[in-house]
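Here's the letter readout for the chains.
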Amino acid sequence: MTYKQPLIVWMIVFLLASSFAGTSVKAEEDKETAAIIYMTNDGDMQNDVYFLDALLSAVVKEVDLYAASEVQPGDLRKYEVILFVGAEEGRVPEIVQEEIAGFSGELLAFGHNAEQLSPFAEWKFIGEEIIRTVGGEPLEQAKLATQVISPAGSIVLAEGLSLDKQLPYISKKGSVTYVATSFFGPIETLVLSRSLFTMLDMKTPGTHPAFIGLEGISPISDAVLVLETGMYLADREIPFFMVVSPFYADTDISSNKELVHVLQELQKNGGTVVVETSFTGGLPPLKEQTFYSSDAEYESDRNERQDTETAGIHAELSRSIEALTDLGLYPIAAKEPKVQMSSTEYQALSSSFTSLFGESVHTPAFISKPNLLAGMAHYPNTLGHVDSALPDPLQEVRTSLSRLRTIPGSVISGMYDPSEGAENLTKLVQLMESVPNMEWLQYKQTEQTVQTERVTIFQTADDLVVQSTMTKTRLLYERVIGNPFNTFLWIIAGVVIGFLIAFLLYVVSLRFKLKKRLFKEREHIG
Amino acid sequence: MANLLFYIALILIWIMLLYHMFLMQGGYRHSVNFEKVIPEWRKNMSDLPTVSVFIPAHNEEVVIGQTLRAMVNLHYPKDKLEVIVIDDNSSDRTGEIAGEYAKRYPFIRLIETKSPNRGIGKSSALNEALQQSDSEVIVVYDADNTPEQMAVWYLVMGLLNDPKSGAVVGKFRVSNAKQTWLTRFINIETICFQWMAQAGRWKWFKVATIPGTNFAIRRHIMDTLGGWDVKALAEDTELTVRVYDLGYHIRFFPAAITWEQEPETLGVWWKQRTRWARGNQYVVIKFLSQLFKLKRKRIIFDLFYFFFTYFLFFFGVIVSNVLFVVNLFYDLQLQIGNVALVLWGLAFLLFIAEVAISLSIERTEMTWKNFFYIIFMYFTYSQMWIILVVCSLYLETKRMLLRQEVRWYKTERFAEKKVEGK
C-alpha cells in the first residue's frame, strides 16, 4: 500500500462526513423566510395569528402574512417555513392546497382544516376533545383541542391530557408538524415556545439573553434611589436600561436637576436610556360601523382618527425625545406606553424607533420583530415585576423564571422600580444570574436608530452619534411661536414687572426728596 | 370649557389692569403739570362771568350749615355770585338753616322744589334751580361739600381759558377719611378715581366725567340740553355724555378742590353705590344703543370703558373667582401653566402700585397705614364692589323689564365728630 491509499480513504471518509454533516447542518440552519396563512371567519387577523407572527419573527428573519383567500399561485414558493392556521372550520382554497402540496420546507399546521392539506394525509383527525393540561402544565380552563392520531414515525413534542386520555398536542413527522389548537393562552404559548426550535428543525440556542431595566423614572423620582440602584448594576458591570418619562403632569424632568445629573452619570456607566411617553391616543374608541350612515362615512372617520392619532403620537414622541436629548440623555429605544396598542400607534412609533420594550400580549419570550411592530424589534419583559407589597416580593419573578428556564433561548428580562430600593434589586439579579447559560445582552453593541424631525441618534457597535438641530435660539423661537398666547402673557408680565420696578424706584426717590407741597390743603384733614 | 372661561377672564381682567396702568401714568404726568398753566390763565380772569352755585338739599340739616359757611368763604366777587340752596321736600331743619344764611348773606338764596320737580331726586332739584336762575355759569355742589376758598375761582378759570370746554370739573376729597375703616377705603378709592380715571383720561384722551359735585358748566349748554335727565340715577354721567355729544369736552382741573362726607356705615355705602352703579349701567345701556350716532367719537371710547368696567371686567373677575374656588375642590385641569400664577401675583402688585402712586400725589396720604389698607382693600372692599355690581345689574335689569320707576336714594349724613380741643 502506497501513501496514496490512506489519502484516498481519508478523502472518502471526509466526503461522507461532509455530506452527513451537511445534512445535519441543513436540518439546523437558520430560516430566512416564513409565511403564515390564516383562515378566520371574517378573514381578519386575530390575536393568536399575531402571536404566531411574533413567535416566528423571533427566529426567522422575514415573516409574511396571508389570509387563505388571498393566496395566489406561486406565492408560497420562496418560503422556507409555512404556518397554516385554521382558526375556523371551512374549505381550504384550492390554491392554498396546491401550494402547500408542492411545498418542501417546514410546514406547521394549527387547529382546523389540516386534514385538507396533503402533507397531513397520514394524520387521522378524529374530532375534538376537551383537554385540561398541555405539555404537563395545567390550563387555566379546559379547552377544546383537535384529537389527532399522528402517523408512525412521528414524535410527540407535547401532549394534552383530557380526563381519561392523552392526546398529541404537538406532533411532528419529518418537516411536518401539527398543533392541536389555533388559540393560545399563556400555557399554550409556553409549550409552543419550548418546542419552537424543534418544530422548525433549528438549532436550539445554548444561551438565554438577559437584560434588566430601571423603570418608572420620572421628574418626581428620588434621585438618590435611582443612583443607588443604577450604581449597583454599574458596579457589577451589568448593562441596564433606564426607562425615563421626561414629563409628569405639568412637570418637566429638567426641573429635577439632581435626577438629570444622576441619569447622565448612569448613562456613562453602562445605562441606556429608554424613553416612555404618556400618550394614550386621547380619542374615544371608534364606534361600531353600524352607527354610521354609510361605509364611506365610517372609513372617513376612521382615517381621520388615524391621522389624528398619528399626529398626536409623533408630537408627543418628538417632545419626549428632544427633551431628553437637550439634557444630554440619549434614548435608544422606547417603552410601550400601554399593553394593547393599535397598528397605527405602532406605525407611528416605528418612524422614530427601531426597538421597543414592553409587555405586549402578542409577544413571546423572545426578542422578536412581528409585522405589527412595523419593523421594530420587541424586547419583552418576561419576568414580571417585583412587588414589595407581597410577603415574597419576587414571587411572580420566581414563577416566571421557572417556566423560562424550560424555553430554549428565551429572554430573561425584568424591570425594577428604583423607588423600591436596592435590596430587592440584588435578589432579582441573583435570581436572573442563577439561570444556567444566561448572558447579559450587550445592547450598546447593537445598531439602533432614534429620530425625530430635529434629532437623530445612531447607535452602532463602536459609537453613539447624535445629530440635533435644536439650538437654544431655535427652541426659544419655537416656544414663542408654538404658544403665542402664553408668550404674549409673559410679555405682559415683563412689562408690568418693569412698571413695578419703576414704581419702586419712584417710592425710593420720594423718600429721599423733600416733596414740595402740591396743593394747599387744610391742615386738619387728610 | 374651564380653560376657555379662564382665558376669557384673564383677558378681560388684564385689559383693564393694563389700561389703568396706562391711565395712571397719564394721571401722574397731569398731576405734575396741571398747575403750570395757572399763571398764564390768571391773566384772563379780569372779566368774570356771573355764577350760580346750586346746592340741592333734601334733609341735610346735619351738613348744610358747614357747606354754607364754606360758600361764604369762597373767593369770588359776591356781586357776581349767587348760592342757591334747593330745599327738595325736606322734613328736617334744612330749610330753616339755609333760610338763616339767606337772611344774613344776600348772595345766598333758598328755593323750594315745586311740582313736578318736588321730591323726585337730585336732577329735578337742579332743574328747579335752573329755571329760577340766569347766570352765565352754573356750579353744582352736593349739600355735604365744603369747597376750598379758590374752588369756584379755578372752575371759572378753566371755563374762561378753555373755550372748547363745556364744563370744568375739580377734585373732591374725603373730609371724614379717618372716621372708620370704610371711609379710609373710600378715601383711597376717591383719590385713585381722580388721579387715575379722571386725570389719566384727561391727559391721554381729553375726556373726563362730571362727578356730580364741584363742577362748572356753561348755562347755555344746560339750556340747549334741556336740563338734567330726571330718569337717570347717575345724572352726572348721563350729562357728561350729552355735553360731549354737543361737541364740547369736559376739562379736569384739580386745582379746584372740595371736601365731602362719605358714608361711614356699610348700609349707607351699599345704597349709595348701588345707586351709582345702577345709574352708570343705565347710562351705558341708554347710549350704547345709539353709540355710533354720537358726534364725539372719543366719548364712544369712554362709554365703552364704562361698559367694559361694569359688565365685562366684573364678569371676568367673577368668573376668575368662581374658577379659583371650584378648582380648590375639583381639579379643573387648567392648562395655562406658571404664567397664570405670575399674572395673578402681578395683578395684586399692580393694584397696590397704582393705588400707591395715586396716593403719593396727595400730600400725607402715602403712609404705611394707608399702604396696609391698600392690601386689605384688595381682598375686602374690591370684592364688595363685585357683589354690588352684580346686585345692581340685577336690580337695573329688573327695573327695565318691569318698567319700574326710578327711586332716588338719599345718602344719609353723619354729624362731624368733634375732637376735644378743636
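See the structure above.
Given the structure is predicted, the values throughout are model-derived calculations rather than measurements. (Residues numbered from 1 in each chain as written. Chains lettered and ligands numbered in written order. Predicted model: local features only at pLDDT ≥ 70, side-chain atom pairs only at ≥ 80, totals over all residues. Heavy atoms only, no water.)

## Some words on the environment of Gln 66 of chain B
With respect to the secondary-structure elements, Gln 66 of chain B resides in helix 3 (residues 64–72). In this structure, the C-alpha to C-alpha distance between Gln 66 of chain B and Ala 143 of chain B, residues 77 residues apart in sequence, is 9.2 Å. (Helix = DSSP H or I, 4+ residues; strand = E, 2+ residues; numbered from the N terminus.)

## A few points about the side chain of Thr 67 of chain B
As for its placement among the helices and strands, Thr 67 of chain B is situated in helix 3. A relative accessible area of 0% means that Thr 67 of chain B is categorised as buried. (Buried < 20%, exposed > 50% of the residue type's maximum accessible area, 1.4 Å probe, protein only.)

## Considerations on the packing of helix 3 of chain B against helix 4 (residues 94–104) of chain B
All names here are of chain B. The N-to-C vectors of helix 3 and helix 4 enclose an angle of 20°; their axes lie 10 Å apart at closest approach. Accordingly, the angle class assigned to the pair helix 3 and helix 4 is roughly parallel. Of the two possible hands of crossing, helix 3 and helix 4 adopt the one that is right-handed. Across the interface between the two elements, Ile 64, Gly 65, Leu 68, Arg 69 and Val 72 of helix 3 pack against Thr 94, Ile 97, Ala 98 and Tyr 101 of helix 4. Residues of the contact of helix 3 with helix 4, tallied by class, amount to six nonpolar, two polar and one charged. (Axes fitted to C-alpha atoms, helices over the stretch in contact; angles between N-to-C directions. Parallel < 35°, antiparallel > 145°, perpendicular 65-115°, else oblique. Left-handed = near helix turned anticlockwise from the far one by under 90°. Contact = heavy atoms within 4.5 Å. Nonpolar A, V, L, I, M, F, W, Y, C, P; charged D, E, K, R; others polar.)

## Overview of helix 12 (residues 338–361) of chain B
Spanning 24 residues, helix 12 of chain B covers 35 Å between terminal C-alpha atoms, matching the ideal 34 Å at 1.5 Å per step. Burial within helix 12 of chain B is extensive, with 18 of its 24 residues counted as buried. (Expected span 1.5 Å × (residues − 1).)

## Concerning the environment of Met 222 of chain B
Residue and element names in this part refer to chain B. Checked against the element boundaries, Met 222 lands in helix 8 (residues 219–225). In this structure, the C-alpha to C-alpha distance between Met 222 and Ile 138, residues 84 residues apart in sequence, is 8.8 Å. If sequence neighbours within four positions are ignored, Met 222 has contacts with Leu 130, Ile 138, Ile 217, Gly 227, Trp 228 and Leu 239.

## Some words on the interface of chain A and chain B
Contacts between chain A and chain B engage 25 residues on the former and 40 residues on the latter. For the chain A and chain B pair, buried surface summed over both sides reaches about 2800 Å², with 72% attributable to carbon and sulfur atoms. Along the contact surface separating chain A from chain B lie zero salt bridges. Taken together, the connections running from chain A to chain B amount to one residue pair in polar contact (both at pLDDT 80 or more). Considering only residue class, the side of chain A that touches chain B consists of 17 nonpolar, three polar and five charged. (Buried area = accessible area lost by both parts, 1.4 Å probe. Salt bridge = Lys/Arg side-chain N within 4 Å of Asp/Glu carboxyl O. Polar contact = N/O pair within 3.5 Å; in protein donor to acceptor, adjacent residues only side chain to side chain.)

## Details of the packing of aromatic side chains
For any pair of aromatic rings, geometry is given as the distance between the ring centres together with the angle between the planes. A full pass over the atoms with the stated rule returns 42 aromatic pairs over all chains. Connected via pairs of aromatic rings, a cluster forms that spans Trp 181, Phe 185, Trp 269, Trp 270, Tyr 373, Phe 376, Tyr 381 and Trp 385 of chain B. Positioned above the aromatic ring of Phe 247 of chain A, the side-chain terminus of Arg 319 of chain A is 3.8 Å from the ring centre. Lying over the aromatic face of Phe 107 of chain B, Lys 78 of chain B brings its terminal NZ or CZ to 5.5 Å of the ring centre. (Phe/Tyr/Trp six-rings, centres within 6.5 Å; stacked < 30°, edge-to-face > 60°. Lys NZ or Arg CZ within 6 Å of the ring centre and 35° of its normal.)

## As for a nonpolar patch on the surface
All names here are of chain B. A grouping of Val 322, Phe 324, Val 325, Val 326, Leu 328, Phe 329 and Tyr 330 is seen on the molecular surface, where their side chains present a nonpolar patch of about 780 Å² in accessible area. Mapping Val 325 onto the fold places it in helix 11 (residues 297–329). What makes Val 325 partly exposed here is its relative accessible area of 42%. (Patch = residues over 30% accessible without salt bridge, like charges linked within 9 Å, V, L, I, M, F, W, Y side chains within 5 Å. Areas by Shrake-Rupley, 256 points an atom, 1.4 Å probe, with all protein chains shown as cover.)

## Description of the nonpolar core
Residues Trp 14, Val 53, Phe 54, Ile 55, Leu 68 and Trp 228 of chain B are the most contacted members of the largest nonpolar core, which totals 147 residues. Ranked by residue count, the leading element in this core is helix 12 of chain B, at 15 residues. Trp 228 of chain B has contacts with Phe 54, Ser 123, Leu 126, Asn 127, Leu 130, Ile 138, Val 140, Phe 215, Met 222, Glu 235, Leu 239 and Arg 242 of chain B, leaving out every residue within four places of it along the chain. The next biggest cluster of nonpolar side chains, apart from the first, holds 72 residues, and it includes Ile 212, Ile 253, Ile 332 and Phe 357 of chain A. (Core = buried A, V, L, I, M, F, W, Y, C linked by side-chain atoms within 4.5 Å.)

## A short note on the sheet that holds strand 5 (residues 146–147) of chain B
All names here are of chain B. The sheet built from eight strands is open, its strands ordered 3-2-1-4-7-6-8-5 with mixed pairing. Each edge of the open sheet carries a strand with a single partner, namely strand 3 (108–112) and strand 5. The pairing of strand 5 with strand 8 (residues 249–260) spans two bridges and is classified as antiparallel. When the bridges of strand 8 are listed, Thr 146 appears paired with Trp 259. On the sheet, helix 7 (residues 181–205) packs against strand 6 (165–174) and strand 8 and is oriented at approximately 155° with respect to strand 6. (Pairing = 2+ DSSP bridges.)

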